[in-house]
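Residues per chain are reported as follows:
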Amino acid sequence: MTVLFGTHPEYLEHDTGLFHPESASRLEVIMSVLDRFEDGIVRFRPSPASTDAITRVHRAAHVAEIRQLCLMGGGPIDADTQVGYQSYDIALLAAGAGLDAVSRLEQGEADAAFVAVRPPGHHATADTSMGFCLFNNIAVAAQRLIEKGERVLILDIDAHHGNGTQDIFYENASVLYVSTHQHPLYPGTGKIFELGAGDATGLTVNIPLPPRSTGGTALSALEAIAASTIVTFAPTWLLISAGFDGHQADPLTDLGFTADDYYRITAWALQYVPKGRTIAFLEGGYDLEALAESTIAALEALLGLSRRTDPFGNHVETNLVTTLAQMRRSALRAQGIDLPPA
């Protein structure tokens, strides 16, 4: 198995200000662990996304506002999101990584891809940059695939709900958006009764987890709640919002995931699409050691490597999973959709 690994030194120049958790150190620590993979990792440097590719997802006026702010020297967009002079160009480069990965995988260069980019993207809506995110990197790649006639499964495993991705594709029947996330937590979206709309009703699958929930619970919930919808949807591509801030060591969240859990969840998701049709996009993860360990685990899964996981670290909160499944079934029935028995 071979995995494309896309990143660029210019990502380090995105200036978020002093003591910001989304810092260049995150990519530096990821790069420091790549050498442990003797074979299978093929590195590439992304090229920037075009303005046209960005405005197929984001409103042109919003894109122009971000560019203007950066040209004026940068500054805060909100309390969490800061840009510098170079940030607009770097954000284009971040969005371009997924597009490059799509092209390379279509040409048969590898079995999967991982793009380590910054700024991250899944909070960015069509007209708002927020939550450390400028443009929605995964949405830009998904839109390219949709225009090619593909059916895209987006699996968001970041501890924070990907409100931007959900919002962009909420009425798009070519995208199945599945998210496991802590709730309550920023940005406050991702409730189980948010199902999608129009022809895409039922194609948003939110799995909100209370604090201290384990990765075993998340995977069990994915199997109980999302698996049948994924099979029915029959995706041709898998895009993963690979946020690792659900790790039990992360300073910004309160979930109980381990690196082993990211291996298990990534390996589970790969079964639903053909080989050569998966891209993981770096999102959150703010404890540097946990980020490095979790990235290694995800790459091992993408490479098809075996991993000696902790058999005692996969506790499942069965009652919680059952309750969440019942809540989603009730929400769907209220919309006139009835699922077959699990």
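Preceding this section is the structure that the text describes.
So, a few notes on the structure that sits alongside this text. (Residues numbered from 1 in each chain as written. Predicted model: local features only at pLDDT ≥ 70, side-chain atom pairs only at ≥ 80, totals over all residues. Heavy atoms only, no water.)

1. Side note on the sheet that holds strand E1 (residues 3-6)
What counts, and what does not: We call two strands paired when DSSP finds no fewer than two bridges between them. Numbering of helices and strands runs from the N terminus; a helix is a DSSP stretch of H or I covering at least four residues, while a strand is a stretch of E covering at least two. The convention used is that axes are lines fitted to C-alpha atoms, helices contributing only their stretch in contact, and that angles between N-to-C directions extend from 0 to 180 degrees. Throughout, a contact is declared for two residues whenever any of their heavy atoms are within 4.5 Å.
What the eight strands build is an open sheet, ordered E2-E1-E5-E10-E9-E6-E7-E8; its pairing is parallel. Where the open sheet ends on each side, the last strands, each with one partner, are strand E2 (41-44) and strand E8 (204-209). Direction aside, neighbouring strands of the sheet carry axes that sit 15 degrees apart on average. With three bridges connecting them, strand E5 (residues 112-115) and strand E10 (residues 278-282) associate as parallel partners. Residue Phe114 lies in a different strand from E10, and its bridge partner there is Ala280. Contacts from helix H1 (residues 25-33) reach E1, E2 and E10, with the element oriented near 130 degrees to E10. Docked against the sheet, helix H4 (residues 87-106) engages E1, E2, E5, strand E9 (237-242) and E10, running at close to 160 degrees with respect to E10.

2. Describing the pairing of E8
We apply this condition: Each residue gets one of three labels from its accessible area relative to the maximum for its type: buried under 20%, exposed over 50%, partly exposed in between, using a 1.4 Å probe on protein chains only.
Counted residue by residue, E8 has six buried out of six residues, so it is predominantly covered. Of the two faces of E8, the one lined by Thr204, Asn206 and Pro208 and the one lined by Val205, Ile207 and Leu209 are each fully buried.

3. Notes on the pattern of salt bridges
What counts is decided by this rule: Here, a salt bridge means any Lys or Arg side-chain nitrogen found within 4 Å of an Asp or Glu carboxyl oxygen.
This model, assessed by the stated rule, comprises twelve salt bridges. Of the charged contacts, one joins Arg56 and Glu147 as a salt bridge, the two residues approaching to 3.2 Å between their closest N and O atoms. One end of the pair, Arg56, is in the loop between helix H2 (51-55) and helix H3 (60-71); the other, Glu147, is in helix H5 (residues 137-147), with 91 residues separating them in the sequence. Taking relative accessible area as the criterion, Arg56 reaches 45% and is therefore assigned partly exposed. Taking the shortest distance from any N to any O, the salt bridge between Asp338 and Arg333 comes out at 3.0 Å. With relative accessibility at 54%, the residue Asp338 sits in the exposed group.

4. A closer look at the pairing of strand E7 (residues 175-182)
Condition: For the handedness criterion, the strands are oriented away from the viewer, and a crossover whose path from the first strand over the helix to the second runs clockwise is classed as right-handed.
Most of E7 sits out of view: eight of its eight residues are buried. Both faces of E7 are covered, namely the face carrying Val175, Tyr177, Ser179 and His181 and the face carrying Leu176, Val178, Thr180 and Gln182. Examined bridge by bridge, strand E6 (residues 152-156) and E7 share five bridges and lie parallel to one another. Looking at E7, one finds that Ile154 is bridged to Tyr177. Each parallel crossover has a hand, and for E6 linked through helix H6 (residues 163-168) to E7 it is right-handed. As judged from the six bridges shared by E7 and E8, these two strands associate in the parallel manner. Bridging from a neighbouring strand, Gln182 pairs with Leu209 of E8.

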